[in-house]
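# Observations on the three-dimensional arrangement
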Amino acid sequence: MSIKFSVVITTFNRPEYLKEALLGIKAQTIQPAEIIIIDDNSTCSYDEVLPLVDEMAASYRRQPVSCGANKARNIGVSLAQGDVVAFLDDDDIWLPNYLEKHSAMYSSGSQAVVCGFKQMGKETVEVINSDTEVTKSSLVRGNTYCGMSGFSAQRTLLKDHPFDESLNNGQDWDIYVRFFELKINFKNIPEAIFLYRFQNEDGIGAKVRKMKPSEIDKRLGSAIKHQDFLGNYWFNKRVSEQLLFSLKHKNEKLAWIKKSIQMAGVVATTMFFVNLLKRKVFKKPMSI
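Every value quoted in this text rests on a predicted model; they were computed, and no experiment measured them.

## What to know about unusual backbone geometry
If you check the backbone angles, Asn13 has positive phi at about 60° while not being a glycine. Assignment of secondary structure puts Asn13 in the loop between β1 (5–11) and α1 (15–26).

Structural data, given as structure tokens:
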């Protein structure tokens, strides 16, 4: 069975990264049926990448007003015509066998797929969940699978269950939880088949470091939404991790710790630092 893939790429002010992402698609052993690029109202020129966009017969749509990544993805899904929509953030790159690996999963009955990845620039560092299907035991621990660049799903499923546009972050984990609760055939490929770019200057980590404790509520939307799914222990752990993420780079460190104790409790806050020490000792990566 031949699977027709629609690739939806969201981009904002990163034409040079978009070019790399497109070249990664061009190198795929299985080519997609279509490529849809949603530019979320970038303020810089994309002229340098447009010749490649044309060469690859990709559709480039620039939003008149910035609407956020989730809205951009939903727009991409609404335009897609393929059997499966595969998502790619502009700063990540698929390895050549990415679509081939995903295609094999759909040919065997999958409705949605996630996979592992390598750290771009340090390709020996791999983040791979050993599950062969998405499980609750992994989901309650956070996003232990991958970001949006490792996710694909049947187009009809995505149209019926779109991305939650109210969420400021955690949109990948949110849709994974929702798909799990729908009891669909949701598989994981326990292999690193794309390159994930860590610590962009305009990425989530950089933005969190500049936040104030009073601004944190907008980052807790996905955890609060799925509080019942998480249960008390995992909810408090997730909240504490969100509050104390990248603490060494933040101002008002004591205020952030107090906020964690207030919202997640003493136990969860203490365990954050215990686990942080363990990761340093055993060099175990955090969930993304």
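## Things to note about the pairing of strand β9 (residues 186–196)
Pairing analysis gives 2 bridges linking strand β5 (residues 93–94) to β9, with the strands arranged antiparallel. Bridge pairing in β9 links Ile93 to Leu195. Two strands pair when backbone bridges link them, and strand β6 (residues 112–119) and β9 are joined in this way by 7 bridges, in the parallel orientation. Counterpart to Val114 in the pairing with β9 is Asn188.

## Overview of the side chain of Ser138
One can find Ser138 in helix α5 (residues 136–139). Side chain to side chain, Ser138 and Asn129 meet in a polar contact 3.2 Å long.

## Section: the pairing of strand β7 (residues 122–127)
As judged from the 3 bridges shared by β6 and β7, these two strands associate in the antiparallel manner. Directly across from Phe117, in β7, lies its bridge partner Val127. Between β6 and β7, which pair antiparallel and follow one another directly, the connecting turn spans 2 residues, one of which, Gly121, has a positive phi of 90°.

## Here's the deal with the environment of Gln119
Position of Gln119 relative to the elements: it lies in strand β6. With near-sequence residues (within four places) excluded, Gln119 lies in contact with Val125, Tyr196 and Phe198.

## Quick look at the pattern of salt bridges
All told, the structure shown has 12 salt bridges when counted by the stated rule. One salt bridge connects Asp164 with Lys225, and the closest N-O pair in it is separated by 2.7 Å. Of this pair, Asp164 sits in the loop between α6 (155–160) and α7 (171–181) while Lys225 is found in helix α9 (residues 221–225), placing the two residues 61 residues apart along the sequence. On the basis of relative accessibility, which here comes to 17%, the residue Asp164 falls in the buried class. According to the relative accessible area criterion, Lys225 is partly exposed, its value standing at 37%.

## Some words on the packing of helix α10 (residues 227–244) against helix α11 (residues 253–264)
Between α10 and α11, the shortest axis-to-axis distance is 9 Å and the interhelical angle comes to 165°. The angle between α10 and α11 falls in the class roughly antiparallel. The handedness of the crossing between α10 and α11 comes out as right-handed. Each of Asn236, Val239, Ser240, Leu243 and Leu244 in α10 lies in contact with α11, whose residues at this interface are Trp256, Ile257, Lys259, Ser260, Met263 and Ala264.

## Thoughts on the packing of aromatic side chains
Counting across every chain of the model gives 18 aromatic pairs. Ring geometry for Phe117 against Phe198: centres 6.3 Å apart, planes inclined by 45°, an arrangement best described as tilted. Placement of Phe117 in strand β6 and of Phe198 in the loop between β9 and α8 (204–209) is noted, with a sequence separation of 81 residues between them. A relative accessible area of 32% places Phe198 in the partly exposed class.

## Points about the nonpolar core
Core analysis: the biggest nonpolar cluster contains 76 residues, and Leu22, Phe151, Leu158 and Phe179 have the highest contact counts within it. Of all the elements, α10 adds the most residues to this core, at 7 residues.

## Description of the packing of α7 against α10
Helices that pack against each other are described as a pair by the angle of their axes relative to one another and the distance between those axes. Between α7 and α10, whose axes approach to 16 Å, the crossing angle comes to 165°. Relative to α10, the element α7 is oriented roughly antiparallel. Seen from above, α7 lies across α10 with right-handed handedness. Mapping the contact onto sequence places Trp173, Val177, Phe180 and Glu181 in α7 and Phe229, Leu230 and Arg238 in α10.

What counts as what
- Residues numbered from 1 in each chain as written.
- Predicted model: local features only at pLDDT ≥ 70, side-chain atom pairs only at ≥ 80, totals over all residues.
- Heavy atoms only, no water.
- Helix = DSSP H or I, 4+ residues; strand = E, 2+ residues; numbered from the N terminus.
- Pairing = 2+ DSSP bridges.
- Polar contact = N/O pair within 3.5 Å; in protein donor to acceptor, adjacent residues only side chain to side chain.
- Contact = heavy atoms within 4.5 Å.
- Salt bridge = Lys/Arg side-chain N within 4 Å of Asp/Glu carboxyl O.
- Buried < 20%, exposed > 50% of the residue type's maximum accessible area, 1.4 Å probe, protein only.
- Axes fitted to C-alpha atoms, helices over the stretch in contact; angles between N-to-C directions.
- Parallel < 35°, antiparallel > 145°, perpendicular 65-115°, else oblique.
- Left-handed = near helix turned anticlockwise from the far one by under 90°.
- Phe/Tyr/Trp six-rings, centres within 6.5 Å; stacked < 30°, edge-to-face > 60°.
- Core = buried A, V, L, I, M, F, W, Y, C linked by side-chain atoms within 4.5 Å.

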